[in-house]
Number of protein chains: 4
Amino acid sequence: MILRIIATGGTFDKQYDPLTGQLVFGESAIPSALARARITVPWQFEALMAIDSLDMLDSHRQQILAACERSAETRIVIVHGTDTLRETAEVLGQAQLPKTIVLTGAMVPYRIDQSDALFNLGFACAAATLCAPGVHVAMNAQVFAWNAVRKNRGAGIFEGG
Amino acid sequence: MILRIIATGGTFDKQYDPLTGQLVFGESAIPSALARARITVPWQFEALMAIDSLDMLDSHRQQILAACERSAETRIVIVHGTDTLRETAEVLGQAQLPKTIVLTGAMVPYRIDQSDALFNLGFACAAATLCAPGVHVAMNAQVFAWNAVRKNRGAGIFEGG
Amino acid sequence: MILRIIATGGTFDKQYDPLTGQLVFGESAIPSALARARITVPWQFEALMAIDSLDMLDSHRQQILAACERSAETRIVIVHGTDTLRETAEVLGQAQLPKTIVLTGAMVPYRIDQSDALFNLGFACAAATLCAPGVHVAMNAQVFAWNAVRKNRGAGIFEGG
Amino acid sequence: MILRIIATGGTFDKQYDPLTGQLVFGESAIPSALARARITVPWQFEALMAIDSLDMLDSHRQQILAACERSAETRIVIVHGTDTLRETAEVLGQAQLPKTIVLTGAMVPYRIDQSDALFNLGFACAAATLCAPGVHVAMNAQVFAWNAVRKNRGAGIFEGG
């Protein structure tokens with residue numbers, strides 16, 4: 001088994017720019033997070049895009065779908081912004097690929113104190129390893145089906161239903 | 001579903017004592033790690049013991065087994081030292097409890113730079129949520145059966161077989 | 001000797017708000033930074049304001065001046081945003097108080113990976129302890145006089161002259 | 001002015017070895033700490049030795065003295081283990097070099113959560129910049145003369161007298 005991990009940006013990968021004082025995208029933190037996790041399962045990393053999920057257009061979601069379609073690996077983790085994670089999950093879910101696709105993200109960037117990113121990445125890697133083919137959302141230590149999840153923005157959590 | 005998370009000590013929970021310069025056990029880092037992970041699945045935490053797994057006696061393993069037996073929750077994560085994690089997994093595996101038990105640990109303590117602990121905890125929580133009843137070892141982003149795993153101490157990783 | 005440390009906000013104290021994805025002000029990190037530094041010199045902490053230094057008005061600088069004037073302690077560290085740190089230093093410098101006042105800040109927030117904040121706080125505490133009365137800017141491991149310093153925004157550093 | 005920073009080991013620079021579970025010495029963290037601090041004052045770094053200060057022999061202290069003697073820079077920070085920091089300060093102090101020498105260390109290693117190392121390094125750099133020639137100990141946000149300081153091991157702090 002080989003895991004494919006696809007970065008699309010989102011809070012997980014935001015970093016602080018000292019010159020502008022803004023949170024921006026640079027090199028993805030995911031490869032160093034995986035090295036730190038000492039994972040021995042073979043993996044492929046793909047830095048597909050680096051955008052805030054509020055800025056995602058249909059064309060971006062089609063790019064993500066195309067990346068899943070062309071992936072030789074059948075177990076895929078997608079790191080995505082949480083705000084429109086559900087919308088991307090829907091596009092992927094409706095495509096009914098014969099692959100296990102797990103979307104995850106973070107509420108606090110990997111490089112910021114008390115981030116949930118590393119936990120979520122670990123949780124998502126296990127979900128991609130263990131779940132049946134289909135599209136799943138892994139957040140808050142829960143696995144949700146793509147068509148039965150929503151983000152509660154006031155609480156900052158994902159909920160079923 | 002409710003997750004039970006049992007701390008037994010091990011590298012995961014070691015912390016630095018400024019007065020002695022030694023790595024020691026104090027309050028477990030696991031509850032704060034779970035809070036940081038923003039998990040919404042209900043969980044119970046049990047600080048069963050806090051010892052180095054090289055110091056574990058049969059009596060300690062029997063205590064861990066008893067904790068699993070009396071657990072009302074059927075999905076259990078045990079945070080354990082890596083050196084004798086396999087031996088404890090064997091005691092639990094032979095007991096054939098009708099529960100999903102996942103043992104994990106860390107190669108670098110949670111409170112030390114570049115620790116794998118948070119990733120492993122996330123991975124193990126997903127494995128405990130998704131695996132069938134039985135005893136599993138979750139390390140290095142892999143799930144191993146209790147009777148088909150060993151620690152390669154030279155490389156610092158777990159391997160199948 | 002007692003050190004007075006006055007928080008005014010700035011990059012040093014910005015923290016990430018998971019719900020809005022913005023860097024905002026909450027409780028100052030300075031008291032916990034000082035505890036972590038294990039300092040034994042007596043100190044007083046004053047959370048005077050919590051604003052971005054680009055938002056500082058003359059009235060804010062007058063508040064900071066008033067805080068220095070009423071301070072019983074004659075050795076004062078002010079943690080300030082870097083963008084208008086020089087302007088505040090000028091207001092304080094022209095007042096010619098018989099006190100040692102050291103302004104410092106950070107290019108990366110204390111709570112973000114690879115922050116310079118803790119180093120700067122240590123450097124500024126030493127400068128406040130050792131410098132003669134007057135107003136000084138302590139950044140980039142240098143001590144500048146209030147009337148001979150400017151921020152090079154392109155490079156993100158303070159320079160003399 | 002150029003700062004010379006000399007590493008000798010000590011708690012400051014200890015790092016965790018995942019294979020042995022011990023705190024050991026590897027590459028010094030000081031150059032990356034200085035880069036992170038965004039310091040613009042010119043500096044020279046010298047990795048003189050990497051030992052626990054409890055293991056320091058007279059010959060080691062003579063090596064440190066020789067390094068100070070041959071240093072072209074007259075402002076020197078020495079990062080040292082805290083347990084015998086005072087003894088080394090005494091050897092240096094009695095040599096009466098016409099240089100400003102500041103010894104510092106850490107109670108918690110740089111790479112461990114809640115370390116005082118970065119604060120101490122900042123404090124010591126300022127002390128080396130600002131103090132008159134002589135040998136000083138900078139710990140706990142205080143500057144002590146070499147012949148008027150001792151470590152209170154029970155409390156884990158340095159005290160005057």
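Residues numbered from 1 in each chain as written. Chains lettered and ligands numbered in written order. Predicted model: local features only at pLDDT ≥ 70, side-chain atom pairs only at ≥ 80, totals over all residues. Heavy atoms only, no water.

Trainee: Please explain helix α3 (residues 85-95) of chain D as it appears in this structure.
Mentor: An α-helix turns once per 3.6 residues; consequently, residues spaced three or four apart project the same way. Residue and element names in this part refer to chain D. Those residues of α3 that fall on the buried side of the exposure criterion are L85, T88, A89, L92 and G93. Axial view of α3: buried residues confined to an arc of 135°, hence all on one face. The secondary structure elements touched by the buried residues of α3 are α2 (58-70), β5 (75-79), β6 (100-104), β7 (134-139) and β10 (157-160). (Buried < 20%, exposed > 50% of the residue type's maximum accessible area, 1.4 Å probe, protein only. Helix = DSSP H or I, 4+ residues; strand = E, 2+ residues; numbered from the N terminus. Arc of directions from axis to C-beta. Contact = heavy atoms within 4.5 Å.)

Trainee: What is the right way to look at the relation of the copies chain D and chain C in this model?
Mentor: These two copies of the chain differ by a rotation about an axis and a displacement along the same axis. Mapping chain D onto chain C leaves a residual RMSD of 0.0 Å; the transformation is a rotation of 180° accompanied by 0.0 Å of translation along its axis. Expressed as an axis order, the relation between the two copies is that of a two-fold axis. In this assembly, 100% of the residues forming the interface of chain D have copies in chain C that are likewise at the interface, indicating an isologous arrangement. (Least-squares fit on C-alpha atoms with pLDDT ≥ 70 in both.)

Trainee: Is there a simple way to think about the environment of G134 of chain A in this case?
Mentor: Residue and element names in this part refer to chain A. Structurally, G134 can be placed in strand β7 (residues 134-139). Separated by 22 residues in the primary sequence, G134 and I112 place their C-alpha atoms 32 Å from one another. The contact partners of G134, leaving out residues within four places of it in the chain, are K99, T100 and I101.

Trainee: What exactly am I supposed to notice about the sheet that holds strand β8 (residues 142-145) of chain C here?
Mentor: Sheet strands associate in pairs through backbone hydrogen bonding, adopting either a parallel or an antiparallel arrangement. Residue and element names in this part refer to chain C. One open sheet accounts for 6 strands, arranged β4-β1-β5-β6-β7-β8; its pairing is mixed. The two strands at the open ends of the sheet, each matched to only one other strand, are β4 (43-51) and β8. Direction aside, the axes of adjacent strands within the sheet are offset by 25° on average. Pairing analysis gives 5 bridges linking strand β5 (residues 75-79) to strand β6 (residues 100-104), with the strands arranged parallel. (Pairing = 2+ DSSP bridges. Axes fitted to C-alpha atoms, helices over the stretch in contact; angles between N-to-C directions.)

Trainee: How should the pattern of salt bridges be read in this particular structure?
Mentor: Counted by the stated rule, this structure contains 35 salt bridges over all chains. Its salt-bridge partner being E90 of chain C, residue R86 of chain C comes within 2.6 Å of it at the nearest N-O pair. Here the residue R86 of chain C and the residue E90 of chain C both occupy positions in helix α3 (residues 85-95), the gap between them amounting to 4 residues, near one helical turn. The exposure class of E90 of chain C is partly exposed, given its relative accessible area of 29%. Through salt bridges with shared partners, a single network forms among R4, E46, R70 and E73 of chain A. (Salt bridge = Lys/Arg side-chain N within 4 Å of Asp/Glu carboxyl O.)

Trainee: Which parts of the structure should I look at to understand the interface of chain D and chain C?
Mentor: It is common to give the size of an interface as the accessible area lost on bringing the parts into contact. Between chain D and chain C, the contact holds 30 residues from the first and 30 residues from the second. Between chain D and chain C, roughly 2600 Å² of surface is buried when both sides are summed, and carbon and sulfur atoms account for 66% of that area. For chain D, the biggest contributors to the area lost against chain C are R36, R38 and F119 of chain D; these three give 25% of the whole. Between chain D and chain C we count 0 salt bridges in total. At the junction of chain D and chain C, the tally comes to 8 residue pairs in polar contact (both at pLDDT 80 or more). Broken down by element, the residue count for the side of chain D that touches chain C peaks at 10 residues, all from helix α4 (residues 117-130) of chain D. (Buried area = accessible area lost by both parts, 1.4 Å probe. Polar contact = N/O pair within 3.5 Å; in protein donor to acceptor, adjacent residues only side chain to side chain.)

Trainee: What exactly am I supposed to notice about the pairing of strand β3 (residues 22-25) of chain C here?
Mentor: Moving residue by residue along a regular strand, the side chains alternate between the two faces of the sheet. The pairing of strand β2 (residues 14-17) of chain C with β3 of chain C spans 4 bridges and is antiparallel. When the bridges of β3 of chain C are listed, Y16 of chain C appears paired with L23 of chain C.

Trainee: How should the packing of helix α4 (residues 117-130) of chain A against helix α4 (residues 117-130) of chain B be read in this particular structure?
Mentor: Two packed helices can be described by the angle between their axes and the distance between those axes. Interhelical geometry of α4 of chain A versus α4 of chain B gives an angle of 35° and a closest axis separation of 6 Å. The handedness of the crossing between α4 of chain A and α4 of chain B is right-handed. Judged by residue contacts, L118, F119, L121, G122, F123, C125, A126, A127 and L130 of chain A of α4 of chain A engage L118, F119, L121, G122, F123, C125, A126, A127 and L130 of chain B from α4 of chain B. Residue composition of the contact of α4 of chain A with α4 of chain B, by class: 16 nonpolar, 2 polar and no charged. (Left-handed = near helix turned anticlockwise from the far one by under 90°. Nonpolar A, V, L, I, M, F, W, Y, C, P; charged D, E, K, R; others polar.)

Trainee: What is the right way to read the side chain of T88 of chain D from this model?
Mentor: Residue and element names in this part refer to chain D. On the secondary structure map, T88 appears in helix α3. Judged by relative accessible area, which is 0%, T88 ranks as buried. Filtering out sequence-adjacent residues up to four positions away, T88 remains in contact with M56, R61, I64, H80 and L103.

Trainee: Sorry, what's going on with the confidence of the model for chain A here?
Mentor: In regions of low pLDDT, the predicted coordinates are not meant to be interpreted in detail. Looking at chain A, the pLDDT average stands at 97 and 100% of residues meet or exceed 70. Complex prediction metrics read pTM 0.97 and ipTM 0.98. (pLDDT = per-residue confidence, 0-100.)

Trainee: Could you clarify how one ought to interpret the packing of helix α2 (residues 58-70) of chain C against α3 of chain C in this entry?
Mentor: All names here are of chain C. As a packed pair, α2 and α3 sit with axes 10 Å apart at the nearest point and diverge in direction by 45°. The pairing of α2 with α3 is recorded here as oblique in orientation. The hand of the α2/α3 crossing is right-handed. Contact with α2, carried on its side by R61, Q62, I64, L65 and C68, involves E87, T88, V91, L92 and A95 of α3 and no other residues of that element. Taken together, the residues of the contact of α2 with α3 break down into 6 nonpolar, 2 polar and 2 charged. (Parallel < 35°, antiparallel > 145°, perpendicular 65-115°, else oblique.)

Trainee: What should I look at first to understand the state of the cysteines in this one?
Mentor: Here a disulfide denotes a covalent bond joining the sulfur atom of one cysteine to the sulfur atom of another. Summed over the entire model, instances satisfying the criterion amount to 0 disulfides over all chains. No disulfide involves C68 of chain A; its nearest neighbouring cysteine sulfur is the one of C125 of chain A, lying 14 Å away. Cysteine C131 of chain C remains unbridged, with the sulfur of C131 of chain D as its closest cysteine sulfur at 9.9 Å. (Disulfide = S-S within 2.5 Å.)

Trainee: How do you make sense of α2 of chain C when you look at a structure like this?
Mentor: Residues and elements named next belong to chain C. Between its first and last C-alpha, α2 extends 18 Å over 13 residues, near the 18 Å set by a 1.5 Å rise per residue. Looking at α2, one finds that the buried residues are H60, R61, I64, L65, A67 and C68. Down the axis of α2, the sector holding all buried residues measures 155°, keeping them to one side. More than 90 degrees from the buried face of α2, the exposed residues found are D58 and R70. (Expected span 1.5 Å × (residues − 1).)

Trainee: How should the side chain of D13 of chain A be read in this particular structure?
Mentor: Residue and element names in this part refer to chain A. Within the element layout of this structure, D13 appears in the loop between β1 (3-9) and β2 (14-17). No salt bridge is formed by the buried D13, whose closest oppositely charged neighbour, R111, lies at an N-O distance of 4.0 Å. There is a polar contact of 2.7 Å between the side chain of D13 and the backbone nitrogen of A29. Contact partners of D13, with chain neighbours within four places excluded, come to A7, V24, F25, S28, A29, I30 and R111. (Lys, Arg positive; Asp, Glu negative; His and termini not counted.)

Trainee: I tried to follow the packing of aromatic side chains on my own but got confused; where do I start?
Mentor: Where two aromatic rings form a pair, the distance of their centres and the angle of their planes describe that pair. Residue and element names in this part refer to chain A. Counting across every chain of the model gives 8 aromatic pairs over all chains. Note on F12 and Y110: the rings are 6.1 Å apart at their centroids and 5° apart in plane angle, and the pair reads as stacked. Taken together, the residues F12 in the loop between β1 and β2 and Y110 in the loop between β6 (100-104) and α4 connect sequence positions 98 residues apart. Residues F12 and Y110 agree in their burial class; the two are buried. (Phe/Tyr/Trp six-rings, centres within 6.5 Å; stacked < 30°, edge-to-face > 60°.)

Trainee: Got a minute to help me understand the sheet that holds strand β7 (residues 134-139) of chain B in this structure?
Mentor: Residues and elements named next belong to chain B. Strand order across the open sheet formed by 6 strands is β4-β1-β5-β6-β7-β8, with mixed pairing between neighbours. Edge positions in the sheet fall to β4 (43-51) and β8 (142-145), since each has one partner strand and no second. Direction aside, neighbouring strands of the sheet carry axes that sit 25° apart on average. Two strands pair when backbone bridges link them, and β7 and β8 are joined in this way by 4 bridges, in the antiparallel orientation. Of the residues in β8, the one forming a bridge with H136 is A145. Along the sheet face, helix α3 (residues 85-95) touches β5 (75-79), β6 (100-104) and β7 and points at about 170° away from the line of β6.

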